[in-house]
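Chain and residue survey
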Amino acid sequence: MPLLLIFIIVPMIELAVLIQVGSYIGVLWTLALIFITAIIGVRLLKLQGLSTLMRAQQRLAEGGIPAKELAEGFLLALAGALLLTPGFLTDAFGFALLTPGVRGAMAGSVMKMLKPKMMMGGFEQPGNTYQSHQPPGHEQPQNPFHPRQGDVHRNDGPKNVIEGDFKREE
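Residues numbered from 1 in each chain as written. Predicted model: local features only at pLDDT ≥ 70, side-chain atom pairs only at ≥ 80, totals over all residues. Heavy atoms only, no water.

A word on a nonpolar patch on the surface. A cluster of nonpolar side chains, Leu4, Leu5, Ile8, Ile9, Met12 and Ile13, forms an exposed patch at the surface whose accessible area comes to about 540 Å². The class for leucine 5 is partly exposed, based on a relative accessible area of 40%. (Patch = residues over 30% accessible without salt bridge, like charges linked within 9 Å, V, L, I, M, F, W, Y side chains within 5 Å. Areas by Shrake-Rupley, 256 points an atom, 1.4 Å probe, with all protein chains shown as cover. Salt bridge = Lys/Arg side-chain N within 4 Å of Asp/Glu carboxyl O. Buried < 20%, exposed > 50% of the residue type's maximum accessible area, 1.4 Å probe, protein only.)

With that settled, consider the nonpolar core. By size, the foremost hydrophobic cluster in this structure holds ten residues: Leu45, Ala71, Leu75, Leu76, Ala79, Leu83, Leu97, Leu98, Ala107 and Val110. Those elements giving two or more residues to this core turn out to be helix H3 (67-84), helix H4 (88-98) and helix H5 (100-119). In contact with alanine 79, other than residues within four places in its own chain, are Gly94, Leu97 and Leu98. (Core = buried A, V, L, I, M, F, W, Y, C linked by side-chain atoms within 4.5 Å. Helix = DSSP H or I, 4+ residues; strand = E, 2+ residues; numbered from the N terminus. Contact = heavy atoms within 4.5 Å.)

Tallying each qualifying case throughout the model produces three salt bridges. Ionic pairing is found between arginine 59 and glutamate 69, a salt bridge with its closest N-O pair at 3.5 Å. A residue pair is termed long-range when its members are at least 10 positions apart, and arginine 59 in helix H2 (residues 27-61) and glutamate 69 in helix H3 qualify at ten residues. Residue arginine 103 pairs with glutamate 72 through a salt bridge whose shortest N-O separation is 3.5 Å. Of the two residues, arginine 103 is situated in helix H5 and glutamate 72 in helix H3; the sequence distance between them amounts to 31 residues. Within this structure, Arg55, Glu72 and Arg103 form a network of salt bridges that share partners.

Our focus in this paragraph is the environment of glycine 49. Tracing the backbone through its elements, the reader meets glycine 49 in helix H2. On the basis of relative accessible area, glycine 49 is assigned to the partly exposed category, the value being 27%. Spatially, the C-alpha atoms of glycine 49 and glutamate 69 are 9.8 Å apart, while their sequence positions differ by 20 residues.

In this section: the confidence of the model for the protein chain. Mean pLDDT over the protein chain works out to 79, with 73% of the residues at or above the 70 mark. Per-element averaging of pLDDT across the protein chain places H5 at the bottom with 79 and H4 at the top with 92. Note on residues 123-133: pLDDT under 50 across the span, and seven contacts to partners over four residues away in sequence or across chains. (pLDDT = per-residue confidence, 0-100.)

In this structure, threonine 52 sits in helix H2. In this structure threonine 52 comes out as buried when scored by relative accessible area, which is 5%. Within the structure, threonine 52 has its side chain in polar contact with the backbone oxygen of glutamine 48 (distance 2.9 Å). (Polar contact = N/O pair within 3.5 Å; in protein donor to acceptor, adjacent residues only side chain to side chain.)

Within the element layout of this structure, aspartate 91 appears in helix H4. Comment: no salt bridge for buried aspartate 91; closest opposite-charge side chain is arginine 43, at 14 Å. Excluding residues within four positions of it along the chain, aspartate 91 makes contact with Thr37, Leu82, Leu83 and Thr85. (Lys, Arg positive; Asp, Glu negative; His and termini not counted.)

Attention shifts here to the environment of threonine 85. Assignment of secondary structure puts threonine 85 in the loop between H3 and H4. For threonine 85, a relative accessible area of 35% puts it in the partly exposed group. If near-sequence neighbours (up to four positions away) are discounted, threonine 85 is found in contact with Thr90 and Asp91. Among the polar contacts made by the side chain of threonine 85, one reaches the main-chain carbonyl oxygen of alanine 81 at a distance of 2.7 Å.

Structural data, given as structure tokens:
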């Protein structure tokens with residue numbers, strides 16, 4: 001329900017602001033201003049996106065997980081959508097997300113929101129399995145660390161390993 005309200009209220013506010021601005025500076029100047037903010041926003045988005053991508057690659061090269069960079073990438077995509085949406089209110093929020101300080105604070109909130117879901121094993125719903133349902137002829141290659149049906153796996157390693165036979169159903 002809140003999402004539905006956003007899609008109803010935000011366009012109404014945008015329309016009211018556009019009418020007010022259009023009555024002060026004229027329709028053509030209002031349209032030109034919307035076009036100019038979209039172009040400037042897309043250029044800034046491209047620069048910020050490349051910067052975030054470079055930081056993510058550096059974090060991966062160092063062996064880390066680029067969680068903050070992924071959250072910032074999500075926020076940059078949201079900023080791009082807001083900047084391409086005609087209107088001054090959405091442009092203001094889009095430009096705010098392009099500033100590193102605001103985006104960094106929001107990325108922290110996004111990561112806090114997603115962290116419990118990641119800690120519980122991903123975004124799968126309870127009861128879902130991770131089995132892939134591939135069409136015949138598109139089987140995934142066998143994992144060399146898991147025996148196939150009929151193979152006996154002996155483990156002389158740690159004592160907390162339970163040995164047994166299993167049958168892989170695909």
